[in-house]
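Residue-level listing of the chains:
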Amino acid sequence: MNFLSKFNNVHLISLMTTGGMSALIFLFTAILFRSLSVHDLGVWFFFTTYISFLDTFRQGFLSTAFIKFFAGTSLEQGREVIGSTWYIATVITIIFVLLNLPLLFILDNVSDDSLRYFFKYFSINLVFSLPMILAMCIAQAKLRFDQLMYIRLCQVSLLIGLLCLLVYLNIATLDNLMYVNLLASFGTSLFCILMGWSGIKFFFFKNRHRTLEIFNFGKYTVGTSISSNLFGLTDTTVMNFMIGPSALAIYNLGKKFMELIEIPLRSFTATAMPTLAVAYNSGNKAEVIAVMKKYIGMVTIGIIPVIFISYLLAPFLMGLIGGGQYKDTVAGEMAVVIFRILLIFSLLSPADRFSAVALDAIHKPQINFYKVMIMLLVNVVSDIIGVYIFDNVYGVVVVSIFPVMVALLISNKYLQDYHRYNFSAIYSTGFKEIKNFINQTLNKS
């Protein structure tokens, strides 16, 4: 019983959900690379990137605002919040549908495959996923991470199962994949409705006050939500229209295993903010910078072995996703090079991530917002110049270091104004902290 009770923990369930979904999405991607042509894969990645951006825009209006106004409310107020959120989500979705309708009449005149598939399927995807999105908002607000896990598991499992069926029947085409994606969203939304998790029965509990309250809060949080997606969106757009969908497929193959770096980064970022906030609230500027330096140094040094091993195993890892058809091919070799370049550049990721968290902790979130906008501009310009110089996907990969360097310069300037520190000493600090941690662990054992 004690063993089982350990699994009844929201943090553990959340971690299991993240890790489990990453593994399932990896499996889905691996099957995709074995089923579709490089061109069709590029079209698929273009479609999913843009759909993800639109979904993030919709959720940016809803998630944070919903949690803020739903948590701790009475039953009646909670119903009003759910109804009002449903109303806003429905209006946003209808707007996208109305924008999409004229585009359906010009599909035959669109020569680019990526745009044609996006125009054809994006609005129906947003409609089918609507109950699922609301169910995820409600589950998160209630801290029901078990429900969140079931929702995500249902969607990805349906995707994998239906894709495997297409492969078995030898009908794995891009059009059929689009239908499978729609069926997975529709099936998951139907599951959420039948389980009573979507809150659709409270739609008519909406009221004007709650709707305006949620909308006015959401219009400020949407910018933060979509900012990180804009980088992937610009990279995808530049590659698709300047090089072609095939380059987009190779790029996605090369960067897929960067999750090896992202997972520990996200984990440590979640624990860094509360620690930095405590130091800031106590008025200890030196401690704020010390905590930031410790996180940057420790995580950077900690991921070096992961980067080194991944660098050596790059051909094997790319083969796990791409399959045998990419072995000893130009596309496979390019994916390996892309992965290795991104691995080296990822050494700067901890400094970028934790200095941004530190700026939030010292109540300067506006600096992060302006910084992201500048990074976005640098990213677009450098992507275009990089593709013009290299005339292939390497142009986007090689220049991806520039937005990060700009971000570090901006963050360092404002953090130095807050409290002077030696940036170069960060890594020696991290080494000492790791050494102390290992010694303490060995002494305890």
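See the structure shown above.
Just so we're clear, the structure is a prediction, and the values are computed from it rather than from any experiment. (Residues numbered from 1 in each chain as written. Predicted model: local features only at pLDDT ≥ 70, side-chain atom pairs only at ≥ 80, totals over all residues. Heavy atoms only, no water.)

Draft legend 1. Structural view of the packing of aromatic side chains. In the structure shown here, the tally under the stated rule is 23 aromatic pairs. Ring geometry for phenylalanine 33 versus phenylalanine 45: centroids 5.9 Å apart, planes at 40°, classification tilted. Here phenylalanine 33 is found in helix α2 (residues 10-33), whereas its partner phenylalanine 45 is found in helix α3 (residues 38-70), with twelve residues between them in sequence. The class of phenylalanine 33 is buried, set by a relative accessible area of 1%. With a relative accessible area of 9%, phenylalanine 45 lands in the buried category. With a centroid separation of 5.9 Å and an interplanar angle of 80°, the aromatic rings of tyrosine 121 and tyrosine 179 are classed as edge-to-face. Of this pair, tyrosine 121 sits in helix α5 (residues 113-128) while tyrosine 179 sits in helix α8 (residues 174-194), placing them 58 residues apart in sequence. The class for tyrosine 179 is partly exposed, based on a relative accessible area of 41%. Pairwise contacts between aromatic rings join Phe28, Trp44, Phe46, Phe47, Tyr50, Phe118, Phe119, Phe122 and Phe241 into one cluster. The ring of tyrosine 414 carries the charged tip of lysine 413 above its face, separated from the ring centre by 4.8 Å. (Phe/Tyr/Trp six-rings, centres within 6.5 Å; stacked < 30°, edge-to-face > 60°. Helix = DSSP H or I, 4+ residues; strand = E, 2+ residues; numbered from the N terminus. Buried < 20%, exposed > 50% of the residue type's maximum accessible area, 1.4 Å probe, protein only. Lys NZ or Arg CZ within 6 Å of the ring centre and 35° of its normal.)

Draft legend 2. Broad picture of the packing of helix α6 (residues 130-141) against α8. Packing of α6 against α8 brings their axes to within 7 Å, and their N-to-C directions diverge by 50°. Viewed along their axes, α6 and α8 adopt a mutual orientation that is oblique. Classified by chirality, the crossing of α8 by α6 is left-handed. Every residue of α8 that contacts α6 at Leu130, Pro131, Met132 and Ala135 is listed here: Thr188, Ser189, Cys192 and Ile193. For the contact of α6 with α8, the residue count by class is six nonpolar, two polar and no charged. (Axes fitted to C-alpha atoms, helices over the stretch in contact; angles between N-to-C directions. Parallel < 35°, antiparallel > 145°, perpendicular 65-115°, else oblique. Left-handed = near helix turned anticlockwise from the far one by under 90°. Contact = heavy atoms within 4.5 Å. Nonpolar A, V, L, I, M, F, W, Y, C, P; charged D, E, K, R; others polar.)

Draft legend 3. Fine view of the side chain of threonine 56. Secondary-structure assignment places threonine 56 in helix α3. Of the polar contacts made by the side chain of threonine 56, one reaches the backbone oxygen of serine 52; its length is 2.7 Å. (Polar contact = N/O pair within 3.5 Å; in protein donor to acceptor, adjacent residues only side chain to side chain.)

Draft legend 4. Main features of unusual backbone geometry. Positive phi is not limited to glycine here, since asparagine 170 has a value of about 60°. Phi is positive for aspartate 391, which is not a glycine, with a value near 60°. Relative to the elements of secondary structure, aspartate 391 occurs in the loop between α16 (365-390) and α17 (394-398).

Draft legend 5. How the structure looks around the environment of phenylalanine 203. Residue placement: phenylalanine 203 occurs in the loop between α8 and α9 (208-242). Here phenylalanine 203 falls in the buried class, since its relative accessible area comes to 18%. Those residues within four positions of phenylalanine 203 in sequence are excluded, and the remaining contacts are Gly83, Trp86, Tyr87 and Thr90.

Draft legend 6. Main features of the packing of α5 against α8. Interaxial distance between α5 and α8 falls to 9 Å at its minimum, and their mutual angle equals 15°. Our classification of the angle between α5 and α8 gives roughly parallel. Note on packing geometry: the crossing formed by α5 with α8 is right-handed. Listed contacts from α8 to Tyr117, Lys120, Tyr121, Ile124, Asn125 and Phe128 of α5 are Leu174, Asp175, Met178, Tyr179, Asn181, Leu182, Ser185, Phe186 and Ser189. Among the residues making up the contact of α5 with α8, the classes are represented as nine nonpolar, four polar and two charged.

Draft legend 7. Highlighting a nonpolar patch on the surface. Nonpolar side chains collect at one region of the surface, where Ile304, Phe308, Ile309, Tyr311, Leu312, Leu313, Phe316, Leu320, Ile344 and Leu347 lie side by side and expose about 930 Å² of accessible area between them. Elements supplying a minimum of two residues to the nonpolar patch: α12 (285-312) and α13 (314-322). Structurally, the position occupied by leucine 347 is in the loop between α14 (330-345) and α15 (349-361). (Patch = residues over 30% accessible without salt bridge, like charges linked within 9 Å, V, L, I, M, F, W, Y side chains within 5 Å. Areas by Shrake-Rupley, 256 points an atom, 1.4 Å probe, with all protein chains shown as cover. Salt bridge = Lys/Arg side-chain N within 4 Å of Asp/Glu carboxyl O.)

Draft legend 8. Representation of the state of the cysteines. The tally for this structure, following the rule as stated, stands at zero disulfides. Its sulfur unpaired, cysteine 164 is 16 Å from the next cysteine sulfur, which belongs to cysteine 154. Residue classification places cysteine 164 among the partly exposed positions, given a relative accessible area of 36%. Cysteine 154 provides the cysteine sulfur closest to cysteine 192, a residue in no disulfide bond, and the two sulfurs are 7.0 Å apart. Under the relative-accessibility criterion, cysteine 192 is labelled buried at 0%. (Disulfide = S-S within 2.5 Å.)

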